[in-house]
Amino acid sequence: MTSNLRLYRAAIEAALLGSLFSLASAQAPTTPPKAEAHPQVHALKVTILSTMLADQGIGEWGFSALVEADGRRILVDTGNRPETVLRNADELGVDLSTVSEVVLTHNHDDHVGGLLTLRRELMKKNPAALSRAHVARGIFYSRPSAKGETNTMIAIKAEYEATGGKIIEHDRAEEIFPGGWLTGPVPRVFPEHNWSVTGKVKTPEGLVEDTIPEDQSLVINTAQGLILISGCGHAGVINTLTMARGEFANEPVYAILGGFHLFPASDTQVDWTADKLKEFGTSYLMGAHCTGIESVYRIRQKLGLPRGSAVVGAVGATFVLGEGIHPGRLAQ
């Protein structure tokens, strides 16, 4: 056999082997890349520090809650009056000086009123206390009225930063610790008009109705499902949960805690909200602040939840993952 013939045969054999390999590769099942699972929180305790109902501490029209998740401690909102949360935490034996981060759900005074007092008092013990504030885009928009500027967050921002505090502004959903997500501004898919229709806000698009565009909530991912912590829910609890489902597909909503601005809602709106919450698989409701007592009871009935699983939130009430709601004496 000549050298040319040997080279020709070798080339034919290599081509045949390559074809067979390509065919086998094409027919072999492909394994899709494994989707990265979202981190989960394993230990969680939420303590109400500001709301209207109180059998210990001070009640007020406002909201604040301490979130303790796998050793991390975050304050959600700071109440209305400057010293309410400070005094309630002291009476409840809750040390806030080790809390470095605060989430402000929106600009209203009943959620941001205690920020400066808390920061100035707590930093005496720990300079890092409440030194980082998470807000959503729109919280510093001007709210002009006939009496002048109504958005106190504009002035609070300057005073807070003068203490060394840092503001982190979010324009979309972001994970701020493993298993803990801020929604940022929430798309309004459903017409949940949970705000005053009289206010105006100056946006980049001009002066428009103030829908509180910066309203945001904290979402905790657990093995039992999602837990929503809301300040007022001006964006609408169903809109907020719909957005969360976009990030955590098919996860049940295990618990919703905080204010949901249903106190002025009609029976029709409350029933619609309850029906949607049932679709989400909601197991626990602690409705504080602006949720409304009647709304809590009506939703509890519509969802068929036992008495201990849907209660009116009170100062000192807690939700503990794996245990449920510890409501306090008045809310039993």
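As a starting point, this report considers the structure included with it. (Residues numbered from 1 in each chain as written. Predicted model: local features only at pLDDT ≥ 70, side-chain atom pairs only at ≥ 80, totals over all residues. Heavy atoms only, no water.)

### Quick word on the packing of helix α6 (residues 237-247) against helix α7 (residues 267-279)
In the contact formed by α6 and α7, the axes pass within 10 Å of each other and the chain directions differ by 20°. As far as their axial angle goes, α7 and α6 are roughly parallel. As α6 packs across α7, the resulting crossing turns out to be left-handed. On α7, the residues touching V237, I238, L241 and R245 of α6 are W272, T273, K276, L277 and E279. The residue makeup of the contact of α6 with α7, split by class, is five nonpolar, one polar and three charged. (Axes fitted to C-alpha atoms, helices over the stretch in contact; angles between N-to-C directions. Helix = DSSP H or I, 4+ residues; strand = E, 2+ residues; numbered from the N terminus. Parallel < 35°, antiparallel > 145°, perpendicular 65-115°, else oblique. Left-handed = near helix turned anticlockwise from the far one by under 90°. Contact = heavy atoms within 4.5 Å. Nonpolar A, V, L, I, M, F, W, Y, C, P; charged D, E, K, R; others polar.)

### Re the layout of surface pockets
Volume-wise, the largest pocket comes out at about 400 Å³. Those elements giving two or more residues to the lining of the largest pocket turn out to be α3 (109-112) and β6 (144-145). Considering only residue class, the lining of the largest pocket consists of six nonpolar, 12 polar and five charged. (1 Å grid on protein atoms, 1.4 Å probe; cavity = no way out; pocket = protein on both sides within 12 Å on 5 of 7 lines; lining within 4 Å. Points joined across faces, edges and corners; volume = space filled by probe spheres on them.)

### Regarding the packing of α7 against helix α8 (residues 293-303)
Where α7 meets α8, the closest approach of the two axes is 9 Å, and the angle between their N-to-C directions is 45°. On the basis of the axis angle, α7 is oblique to α8. Note that α7 runs across α8; the crossing there is right-handed. Counted together, D267, V270, D271, A274, D275, L277 and K278 of α7 and S295, R298, I299, K302 and L303 of α8 form the full contact between these two elements. Tallied by class, the residues present in the contact of α7 with α8 amount to five nonpolar, one polar and six charged.

### Re the sheet that holds strand β17 (residues 310-312)
In space, the seven strands of this open sheet follow the order β9-β10-β13-β14-β15-β16-β17, with mixed pairing throughout. Looking along the sheet, the strands with just one partner apiece sit at the ends: β9 (174-177) and β17. If you compare each strand with its neighbour and ignore which way they point, the axes differ by 20° on average. Relative to β17, strand β16 (residues 284-287) is paired through three bridges, and the arrangement is parallel. (Pairing = 2+ DSSP bridges.)

### A word on the packing of aromatic side chains
To describe a pair of aromatic rings, one takes the distance between the centres and the angle between the planes. Under the definition given, this model contains six aromatic pairs. Ring pairs connect the aromatic residues Y254, Y284 and F319, which therefore count as one cluster. A cation over an aromatic ring shows up here: K157 above the ring of F140, its NZ or CZ 5.7 Å from the ring centre. (Phe/Tyr/Trp six-rings, centres within 6.5 Å; stacked < 30°, edge-to-face > 60°. Lys NZ or Arg CZ within 6 Å of the ring centre and 35° of its normal.)

### Points about the side chain of E192
Of note, E192 is situated in the loop between β10 (180-182) and β11 (200-203). With no salt bridge to any partner, buried E192 finds its closest opposite charge in R188, at an N-O distance of 8.1 Å. Only 2.8 Å separates the side chain of E192 from the backbone nitrogen of N239, close enough to count as a polar contact. Once residues within four sequence positions are removed from consideration, E192 is found in contact with H234, A235, G236, V237, I238, N239 and W272. (Buried < 20%, exposed > 50% of the residue type's maximum accessible area, 1.4 Å probe, protein only. Lys, Arg positive; Asp, Glu negative; His and termini not counted. Salt bridge = Lys/Arg side-chain N within 4 Å of Asp/Glu carboxyl O. Polar contact = N/O pair within 3.5 Å; in protein donor to acceptor, adjacent residues only side chain to side chain.)

### A word on the side chain of R73
Structurally, the position occupied by R73 is in strand β3 (residues 72-76). Only 3.2 Å separates the side chain of R73 from the side chain of E68, close enough to count as a polar contact. What R73 contacts, discounting residues up to four positions off in sequence, is L66, V67, E68, V94, D95, L96, T98, V99, S100 and E101.

### Let's talk about the pattern of salt bridges
Under the counting rule described, the total for this entry stands at 14 salt bridges. Of the charged contacts, one joins R132 and E101 as a salt bridge, the two residues approaching to 3.4 Å between their closest N and O atoms. Of this pair, R132 sits in strand β5 (residues 132-136) while E101 is found in strand β4 (residues 101-103), placing the two residues 31 residues apart along the sequence. R298 is paired through a salt bridge with D267; the nearest N and O atoms lie 3.8 Å apart. Of this pair, R298 sits in helix α8 while D267 is found in helix α7, placing the two residues 31 residues apart along the sequence. Residue R298 is classed as partly exposed on the basis of its relative accessible area of 23%. Salt bridges sharing partners connect three or more residues here, namely R143, D210 and E214.

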